[in-house]
Structures are given as structure tokens and as C-alpha cells.
Amino acid sequence: MSIFIDSANLIQIKTALELGWVQGITTNPLLLAQSDLELKALFVALRKLNDGPIFYQLTSNSFESSIAEAHQTLELLEKQLVIKLPPTDLGFRLCSELSSRIPCCPTAIYSPAQALVAREAGAQYLAVYVNRATRLMGDGLKLIEDIAAILKDSQTKLLAASLKSPDEATLAFLAGAHHLTLPYSTLMDMSRHPLSDEAVKQFETEGVGLVQRD
Ligand code: E4P
């Protein structure tokens, strides 16, 4: 299981990676559009911060230009690249073509049928939009459960995305997600609890240890 940060903001990504338990970065075209950096410079910076997977979504709209974009991205990100693909006829065709050479992740998944197709197309990851599915269709966690059953014993790992709270992230994992990608605020909230804060405060104010606190 891995937890990734879903962001293209360098400051957020650096802070998240320094936590020590975040193992990679997922991006999408909308997140990249918010970055102040030119994309090649951003990728160079991301590789300096992290040696785990970096997910990049192809934006070309033909087969040939998408293959060229995949190779261009591979030159920049090398073995860290995971190619995200929209769940279109073109996206799944590209998944079949590329997944034996570059890990692929069909994204924006809302149905078990799409998961079956991704499995057949050899995807290494599948990004399922949990919170959006709950908001738009009723039950994103049931969707995770169904897709986890479909992907059982396959090489395709379920990446739960669009997660808006620690509880939702945890429930997605319990429902069968293999990996989670979290926006910065959710990620930072994962390790926190108000009662833990109280306990820590008491340790600090009333407790003693081998060394004096600063
Ligand atoms: C995942 O890869 C997506 O970037 C993200 O989770 C999309 O969902 P959201 O826009 O609802 O956060």
C-alpha cells in the first residue's frame, strides 16, 4: 500500500514528502494548470524531492501524438513515470499499447465496467474517484468495493482518488483500495486527532524525559 500526494504545488509536495510516509506524487492537467512553474522545470524539481512514482496524464488527442507525448514524458521522468490516461477509447487503446513498457493508470473511473476494461488493457493502476462518485452517483465506497472484487488477483491496483477527509480515505482502504492519493489538506489531517493533541499537550506540560525540552 502507498499513500501519494495529489498536487502540483511544489511547497505542498515538499512538506508532504518530508512527513516520511508519502511515497509518490499524482498530478492531473487541472492541477498542473495551477502550477507557477513551467512543466519541465516542475518535473526536474519533483525528481529532486522524490524517487517514487510521479503520475502524469497525457493530454494529446490522437494515438500518434499521445505515444510521442508518452515518450517525451518518459525522457523527463524515466522509471518514475506512471502515465495517467482518461477513460476514453483512445485512453484504453493507449493503455493496451503502453502498459507493457510504462506503468499506466486509467483515471476518472466511475464504473466497474471501466475497471474490467482497464484490467484487460493491462493497467498497473486504476484511479477511482470516490468523493465525486458519492456526490454524483450515491456511493463511492460501494464502487471501490465492486472494483476491488473485479481487480482481485490481477496486476491492476486500485488507487482511490478524490478523497476529501481522513475518514473517507480510511474507508476506501477498508473497502479494498490498494493505494490512496490525497490532496494536501486531507493528507495533513491524516495523522491528527483532537484527543491526541490533548494527550501530547499533557505529556509536554506535565511529563519528564531524559532531556530537557527546548
Ligand atoms: C486524482 O488523480 C485526481 O487528481 C483527483 O483525486 C480528482 O478528484 P477531485 O477533483 O474530486 O479531487
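In short, a report on the structure. Just so you know, these numbers come straight off a predicted model, no measurement behind them.

## Comments concerning the packing of helix 1 (residues 10–18) against helix 3 (residues 39–49)
Right, so step 1: One way to put it is that helix 1 packs onto helix 3 with a least axis distance of 10 Å and a crossing angle of 10°. One element, helix 1, and the other, helix 3, form an angle in the roughly parallel class. In contact with Leu10, Ile13, Lys14 and Leu17 of helix 1, helix 3 contributes Leu42, Ala45, Leu46 and Leu49.
Right, so step 2: Partitioned by chemical class, the residues of the contact of helix 1 with helix 3 number 7 nonpolar, no polar and 1 charged.

## Notes on the pattern of salt bridges
Right, so step 1: On inspection of all chains with the given rule, the structure shows 6 salt bridges.
Right, so step 2: A salt bridge links lysine 142 to aspartate 146; the shortest N-O distance between them is 2.9 Å. Highlighted residues: lysine 142 and aspartate 146, both in helix 8 (residues 140–151), separated by 4 residues, approximately one helical turn.
Right, so step 3: Note on aspartate 146: relative accessible area 29%, which makes it partly exposed.

## Some remarks on the site of the ligand
Right, so step 1: Near the ligand you find Asp6, Asn28, Lys84, Tyr129, Arg132, Ala161, Ser162 and Lys164, and these make up its full shell.
Right, so step 2: In this structure, lysine 84 approaches the ligand through a side-chain N or O atom, which is 2.6 Å from an oxygen atom.
Right, so step 3: Between serine 162 and the ligand, the recorded distance is 2.7 Å, taken from a backbone N or O atom to an oxygen atom.
Right, so step 4: Burial of the ligand by the protein chains amounts to 87% of its free accessible area of 340 Å².
Right, so step 5: Counted by class, the shell around the ligand contains 2 nonpolar, 2 polar and 4 charged residues.

## Focus on helix 11 (residues 194–206)
Right, so step 1: With 13 residues, helix 11 extends 18 Å between its outermost C-alpha atoms, agreeing within 8% with the 18 Å of an ideal straight helix rising 1.5 Å per residue.
Right, so step 2: Of all the 13 residues making up helix 11, 0 are buried; the element is thus mostly uncovered.

## Overview of the packing of aromatic side chains
Right, so step 1: With the rule as written, the count across this model stands at 5 aromatic pairs.
Right, so step 2: Relative to tyrosine 56, the ring of phenylalanine 43 lies with its centre 5.6 Å away and its plane at 90°, an arrangement referred to as edge-to-face. Note that phenylalanine 43 is positioned in helix 3 and tyrosine 56 in strand 3 (residues 54–57), a separation of 13 residues in sequence.
Right, so step 3: The exposure class assigned to phenylalanine 43 is buried, which follows from its relative accessible area of 4%.

Criteria and cut-off values
- Residues numbered from 1 in each chain as written.
- Predicted model: local features only at pLDDT ≥ 70, side-chain atom pairs only at ≥ 80, totals over all residues.
- Heavy atoms only, no water.
- Axes fitted to C-alpha atoms, helices over the stretch in contact; angles between N-to-C directions.
- Helix = DSSP H or I, 4+ residues; strand = E, 2+ residues; numbered from the N terminus.
- Parallel < 35°, antiparallel > 145°, perpendicular 65-115°, else oblique.
- Contact = heavy atoms within 4.5 Å.
- Nonpolar A, V, L, I, M, F, W, Y, C, P; charged D, E, K, R; others polar.
- Salt bridge = Lys/Arg side-chain N within 4 Å of Asp/Glu carboxyl O.
- Buried < 20%, exposed > 50% of the residue type's maximum accessible area, 1.4 Å probe, protein only.
- Near = heavy atom within 4 Å.
- Polar contact = N/O pair within 3.5 Å; in protein donor to acceptor, adjacent residues only side chain to side chain.
- Areas by Shrake-Rupley, 256 points an atom, 1.4 Å probe, with all protein chains shown as cover.
- Expected span 1.5 Å × (residues − 1).
- Phe/Tyr/Trp six-rings, centres within 6.5 Å; stacked < 30°, edge-to-face > 60°.

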